[in-house]
Amino acid sequence: MFYSSEQPFRRRRSGIGPWACGALALILAACTAGRSPPLPSLGEMPSPAKHYILGPGDRLRIVVFGQPELSGEFSVNTDGSVSYPLVGAVPGAGYTPAALEAAIVDALSPDYLREPQVSVEVLSYRPYFIMGEVKAPGSYPYMNGLDVLSAIAVAGGYTYRAKKTFVFLTRRQEGKKERREVSPNTAILPGDIIEVPERFF
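The numbering scheme is per chain: residues are counted from 1 as the chain's sequence reads. At least 70 in pLDDT is required for a residue's local features to be given in this predicted model, at least 80 for side-chain atom pairs to be given and counted, and no such filter applies to totals for whole chains, interfaces and linings, which use all residues. Note that the side-chain values use all heavy atoms of the structure and ignore hydrogens as well as water.

Bringing the overall build of the protein chain into the picture now. Helix and strand definitions here come from DSSP, where helices need a minimum of 4 consecutive H or I residues and strands a minimum of 2 consecutive E residues; each element is numbered from the N-terminal end. For the protein chain, the helix and strand inventory stands at 3 helices and 10 strands. The N-to-C order of helical and strand elements in the protein chain reads α-β-β-β-β-α-β-β-β-α-β-β-β. In the protein chain, buried positions account for 33% of the 201 residues. Only the protein chains shown count as cover for residues, and all accessible areas are computed by the Shrake-Rupley method using a 1.4 Å probe. On the protein chain, roughly 13,000 Å² of surface is accessible, and the fraction owed to carbon and sulfur atoms is 56%. Buried, partly exposed and exposed residues are distinguished by accessible area as a fraction of the type maximum, computed with a 1.4 Å probe on protein chains only: under 20%, between the cut-offs, and over 50%, respectively.

What follows deals with the nonpolar core. Definition of nonpolar core: a set of buried residues of the types Ala, Val, Leu, Ile, Met, Phe, Trp, Tyr and Cys, connected through side-chain atoms within 4.5 Å. The biggest cluster of nonpolar side chains holds 38 residues, and the ones touching the most others in it are Leu-60, Ile-62, Tyr-84, Ile-104, Ile-188 and Ile-194. Among the elements that line this core, the one with the most residues is helix H2 (residues 97-108), at 4 residues. The contacts of Ile-62, once residues within four sequence positions are left out, are Leu-70, Ser-71, Gly-72, Phe-74, Val-82, Tyr-84, Ile-104, Val-118, Ser-119 and Val-120. Contact definition: two residues touch when any of their heavy atoms are within 4.5 Å.

What follows covers the pattern of salt bridges. By salt bridge we mean one thing: a side-chain nitrogen of Lys or Arg within 4 Å of a carboxyl oxygen of Asp or Glu. The tally for this structure, following the rule as stated, stands at 7 salt bridges. A salt bridge links Asp-58 to Arg-126, with the nearest nitrogen and oxygen atoms 2.8 Å apart. Here Arg-126 lies in the loop between strand S5 (118-124) and strand S6 (128-132) and Asp-58 lies in the loop between helix H1 (18-32) and strand S1 (59-64), a separation of 68 residues in the sequence. Judged by relative accessible area, which is 0%, Asp-58 ranks as buried. Of the charged contacts, one joins Asp-192 and Arg-171 as a salt bridge, the two residues approaching to 2.7 Å between their closest N and O atoms. Pair noted here: Asp-192 is in the loop between strand S9 (176-182) and strand S10 (193-196) and Arg-171 is in strand S8 (residues 167-173), with a separation of 21 residues, a long-range link. Its relative accessible area of 1% is what places Asp-192 among the buried residues. Given the relative accessible area of 4%, Arg-171 is considered buried.

Looking at any residue, its pLDDT shows the predictor's confidence there, from 0 to 100. Overall, the predicted model of the protein chain reaches an average pLDDT of 81, with 75% of residues at or above 70. Of all the helices and strands in the protein chain, H1 carries the lowest mean pLDDT, 47, while S10 carries the highest, 97. This stretch, residues 1-14, has a pLDDT under 50; its non-local contacts, to residues over four places away or in other chains, come to 4 contacts. Here residues 23-49 scores under 50 on pLDDT; set against residues more than four positions off or in separate chains, the count is 31 contacts.

Here we come to the sheet that holds strand S2 (residues 72-75). Adjacent strands of a sheet form backbone hydrogen bonds with each other and so pair up, either parallel or antiparallel. Two strands pair if DSSP finds at least two bridges between them. If you walk across this open sheet you meet the 3 strands as S2-S1-S5, and the pairing is antiparallel. The sheet is open, and its two borders are formed by S2 and S5, each paired with just one other strand. Here the average twist between neighbouring strands, direction ignored, is 30°. Relative to S5, S1 runs antiparallel, the two being bridged by 6 bridges. By the bridge assignment, Leu-60 is partnered in S5 with Val-122. Orientation is described by axes fitted as lines to C-alpha atoms, over the contacting stretch for helices, and by angles from 0 to 180 degrees between their N-to-C directions.

Now for H2. The span you would expect from a helix comes to 1.5 Å times its residue count less one. Between the first and last C-alpha of H2 there are 17 Å, a value that for 12 residues agrees with the 16 Å anticipated at 1.5 Å per step. Against S1, strand S3 (81-84), strand S4 (88-91) and S5 lie the buried residues of H2.

Bringing the packing of aromatic side chains into the picture now. Stacked, tilted and edge-to-face are the three classes applied to pairs of Phe, Tyr and Trp rings, where Trp contributes its six-membered ring and a pair requires centres within 6.5 Å; stacked means planes under 30 degrees apart, edge-to-face means over 60, and tilted covers the rest. What the rule picks out here adds up to 5 aromatic pairs. Taking the centre distance of 6.0 Å and the plane angle of 25° together, the rings of Tyr-128 and Tyr-140 count as stacked. With Tyr-128 in strand S6 and Tyr-140 in strand S7 (residues 138-140), the pair connects residues that are 12 residues apart, well separated along the chain. Like Tyr-140, Tyr-128 is buried. Here a set of aromatic residues connected by ring pairs shows up, and it is made of Tyr-52, Tyr-125 and Tyr-142.

This next bit is on the sheet that holds S10. The strand order across the open sheet built from 5 strands is S7-S6-S10-S8-S9, with neighbouring strands paired in mixed fashion. Two strands close off the open sheet at either side, each with one partner strand: S7 and S9. When strand polarity is set aside, the average angle formed by the axes of neighbouring strands in this sheet is 20°. Pairing geometry for S8 and S9, over 7 bridges, is antiparallel.

Quick look at the structure:
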């Protein structure tokens, strides 16, 4: 039962005594003793519309309203910049699409345009990488909503030597790479590196 903050909590009378509560606790402990704790997760897939963090390999559609010569498809380069007409290189890696919109507005105004209206859309995401005990390791195009198990299926599935209970996942977060052990249903992001370990007989 959930209690709202508007209603005071009321202890319900019950015929269960302290000894019964203790026995129940022992039963629950016995039932969960053989279970390992859940594997840590690196989080859910953020909304790619505004919260996605751009990186090298992402392909973008940039539109400046009323300015077709400044609109088109662009990529985030390996150095993290976006080569853009008139203003040259604009920082892109580490920015959200909304932050890149603001950066382009600042670069264009007031020298080139007065109060430009800019829209940035991610057309295709940078690839993810999968290695280890899969039949076809390598890099693959990212698809929205992908999890580890789906990525393994795309890579041809497990080899007969694969350990199937967890994988190692490396992700860049806040400028640093973090490698963790995660469950097969963990959501992955563009640029993630999945390592399927070998099981020991």
